[in-house]
There are 2 protein chains.
Amino acid sequence: MKGEGLKIVLSGPSGSGKGTIVQELLKDGNYKLSISATTRKARTGEVDGVHYFFKTQAEFEDMIDHEQLLEYACFCNNYYGTPKAFIDETVSSGADILLEIEIQGALQVKRKYPEAIFIFIMPPTFDELKSRLKGRNTESDEVINQRLARAREELMLFKEYDYIIINDNLQDAVDKVIAISLTEKLKSSRYKAFIEDMLQN
Amino acid sequence: MKGEGLKIVLSGPSGSGKGTIVQELLKDGNYKLSISATTRKARTGEVDGVHYFFKTQAEFEDMIDHEQLLEYACFCNNYYGTPKAFIDETVSSGADILLEIEIQGALQVKRKYPEAIFIFIMPPTFDELKSRLKGRNTESDEVINQRLARAREELMLFKEYDYIIINDNLQDAVDKVIAISLTEKLKSSRYKAFIEDMLQN
């Protein structure tokens, strides 16, 4: 019983480690990644069309106008958004798609795809989050403080998510996403046709 | 984050293999088994207080009168029921309890424990179910036919269950129950206290 793939939305504060979890999940081949479009500058090592589609503000606003985005949000003065078509094609083919999306964006996705699975990745403690953000050393203190304030706001919205994963061990966190994916595919609502068919034959 | 253990109800037609799945799950030590009371005769190898509490009809009806049963049902002229106290103690201690219950019983449990997790174990095909029932060779043709008719009725009630596991491979089926248990513990509703605590400290 295969059926449609899952749309799995992963959110979490900057520094929660969600990006690393996504990279691990992609190694096992059962997941595809929804690539976001953004107007923020590429960090060292980030590749256009792999990590993000890097866009100018004018290009991004054109995508908004043409409704080519599932959701978009402005965060730290940059646009982030999710191109639609690739997601629909991926799940129709039976593959699961991972969407790594900031929380406001995730709430927009929830309205459009209520069947999607929403996972919130958490640091084990707020202090741990602080030190992870500082450890990255790619942002100014002002940006770090903005992100901490935002993380606090985001944590208060945890109820909007289906599942919480506390990321205190990378492999455990990855295994949890895999367990959630497997479990979601066992939901009885997905078995209607299969059982009706069995009863007829 | 430990919290209360899960109540996991496993149902499925006779011959679906649910009993074998339960025995495998008990090997890993994270699960406890709810032991049913029954008035049916012990099969060869079955031990009172391990596989069932074997009761006379009078003893069983006394347990009903004293409300010591979570649910009970009459099936093929025998009573089957679930003693309450052990379940509540087990989940309070943080352990997960497995309840292997016929479908009418499961529906009674659902009313009393709406938070319980309901898993329906299915044979891969109806023919496979038939041959499994015959293969066991412990029952008369009449009993086998009663069970097949009942299996058909039970399959039609699959929507009452949260999850469906098609048991075409024992280890896969066991892994699916384990994935469901892990996933259920990640539900955001279980994290309220944890997150409020994190935000305060």
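As the structure is a prediction and not an experimental result, all values here were calculated from the model.

(A) Structural detail: the sheet that holds strand β7 (residues 96-100) of chain A. All names here are of chain A. Strand order in the open sheet made by the five strands is β2-β7-β1-β8-β9, with parallel pairing throughout. Where the open sheet ends on each side, the last strands, each with one partner, are β2 (31-33) and β9 (163-166). Strand-to-strand, the axes of this sheet are offset by a mean angle of 30°, without reference to chain direction. Along the sheet, helix α1 (residues 18-27) contacts β1 (7-11), β2, β7 and β8 (117-122); its crossing angle with β7, the most-contacted strand, is approximately 160°.

(B) Summary view of the sheet that holds strand β9 (residues 163-166) of chain B. Residues and elements named next belong to chain B. Within the open sheet, the five strands sit side by side as β2-β7-β1-β8-β9. Their pairing is parallel. Where the open sheet ends on each side, the last strands, each with one partner, are β2 (31-33) and β9. Neighbour-to-neighbour, the strand axes of this sheet turn through a mean angle of 30°, independent of strand direction. Two elements, strand β1 (residues 7-11) and strand β7 (residues 96-100), share four bridges in a ladder whose sense is parallel. Bridged to Leu10 within β7 is Glu100.

(C) Focus on unusual backbone geometry. For Asn77 of chain A, which is not glycine, the phi torsion reads 65° and is therefore positive. Tracing the chain through its elements places Asn77 of chain A in the loop between β5 (69-75) and β6 (78-83).

(D) Broad picture of helix α4 (residues 103-112) of chain A. Residues and elements named next belong to chain A. Those residues of α4 not exposed but buried are Ile103, Gly105, Ala106 and Val109. Take α4 and look down its axis: the buried residues cluster within an arc of 150°, on one side only. In this structure, the buried residues of α4 make contact with β1, β5, β8 and α6 (141-155).

(E) Seen up close, the pairing of β9 of chain B. Residue and element names in this part refer to chain B. Neither face of β9 is left uncovered, since the one carrying Tyr163 and Ile165 and the one carrying Ile164 and Ile166 both have all their residues buried. The pairing of strand β8 (residues 117-122) with β9 spans four bridges and is parallel. Residue pairing across strands places Met122 opposite Ile166, the latter belonging to β9.

(F) Looking closely at the confidence of the model for chain A. Scored by pLDDT, chain A has a mean of 89; 98% of the residues are at 70 or more. For this predicted complex, the interface confidence score (ipTM) comes to 0.82, while the overall pTM stands at 0.83.

(G) Geometry of the relation of the copies chain B and chain A. The transform that puts chain B on chain A rotates by 180° and translates by 0.0 Å along the axis, for an RMSD of 0.1 Å. Such a turn and shift between the copies fits a two-fold axis. Within chain B, Ala179 of chain B has its C-alpha nearest the rotation axis, a separation of 2.4 Å. Same-surface contact between copies: 97% of interface residues of chain B are shared with the interface of chain A.

(H) Representation of helix α7 (residues 170-184) of chain A within the structure. Residues and elements named next belong to chain A. For α7, which comprises 15 residues, the first-to-last C-alpha distance of 21 Å matches the rise-based estimate of 21 Å (1.5 Å per residue) to within 8%. Of all the positions in α7, only Ala173, Val174, Val177, Ala179, Ile180, Ser181, Thr183 and Glu184 are classed as buried. One side-chain oxygen of the residue at the start of α7 lies 3.0 Å from the amide nitrogen of Gln171, identifying that residue as Asn169.

(I) Expanded view of the environment of Thr44 of chain A. If you trace the backbone, Thr44 of chain A turns up in the loop between β3 (36-38) and β4 (52-54). Judged by its relative accessible area of 86%, Thr44 of chain A is exposed.

(J) Region of interest: the packing of aromatic side chains. Enumeration according to the criterion identifies 18 aromatic pairs over all chains in this entry. Between Tyr52 of chain B and Tyr80 of chain B, the aromatic rings sit 6.2 Å apart at their centres with planes inclined by 65°, giving edge-to-face as the arrangement. One end of the pair, Tyr52 of chain B, is in strand β4 (residues 52-54); the other, Tyr80 of chain B, is in strand β6 (residues 78-83), with 28 residues separating them in the sequence. On the accessibility criterion, Tyr80 of chain B (13% relative accessible area) is buried. Ring-pair connections join several aromatic residues into one group, and the members of that group are Tyr52, Phe54, Phe75 and Tyr80 of chain A. One residue, Lys7 of chain A, lies across the ring of Tyr113 of chain A, its end atom 4.2 Å from the ring centre.

(K) Main features of the environment of Gln68 of chain B. Residues and elements named next belong to chain B. Relative to the helices and strands, Gln68 resides in the loop between α2 (57-65) and β5 (69-75). Gln68 gets classed as partly exposed once you look at its relative accessible area, which sits at 41%. Not counting residues within four places of it along the chain, the set of residues in contact with Gln68 comprises Met63, Thr82, Pro83 and Lys84.

(L) Representation of the packing of helix α1 (residues 18-27) of chain B against helix α7 (residues 170-184) of chain B within the structure. Residue and element names in this part refer to chain B. At a closest axis distance of 10 Å, the pairing of α1 and α7 adopts a crossing angle of 65°. Of the two possible hands of crossing, α1 and α7 adopt the one that is right-handed. Residues Thr20, Ile21, Glu24 and Leu25 of α1 lie in contact with α7, whose contacting residues are Leu170, Ala173, Val174, Val177 and Ile178.

What counts and what doesn't
- Residues numbered from 1 in each chain as written.
- Chains lettered and ligands numbered in written order.
- Predicted model: local features only at pLDDT ≥ 70, side-chain atom pairs only at ≥ 80, totals over all residues.
- Heavy atoms only, no water.
- Pairing = 2+ DSSP bridges.
- Helix = DSSP H or I, 4+ residues; strand = E, 2+ residues; numbered from the N terminus.
- Axes fitted to C-alpha atoms, helices over the stretch in contact; angles between N-to-C directions.
- Contact = heavy atoms within 4.5 Å.
- Buried < 20%, exposed > 50% of the residue type's maximum accessible area, 1.4 Å probe, protein only.
- Arc of directions from axis to C-beta.
- pLDDT = per-residue confidence, 0-100.
- Least-squares fit on C-alpha atoms with pLDDT ≥ 70 in both.
- Expected span 1.5 Å × (residues − 1).
- Polar contact = N/O pair within 3.5 Å; in protein donor to acceptor, adjacent residues only side chain to side chain.
- Phe/Tyr/Trp six-rings, centres within 6.5 Å; stacked < 30°, edge-to-face > 60°.
- Lys NZ or Arg CZ within 6 Å of the ring centre and 35° of its normal.
- Left-handed = near helix turned anticlockwise from the far one by under 90°.

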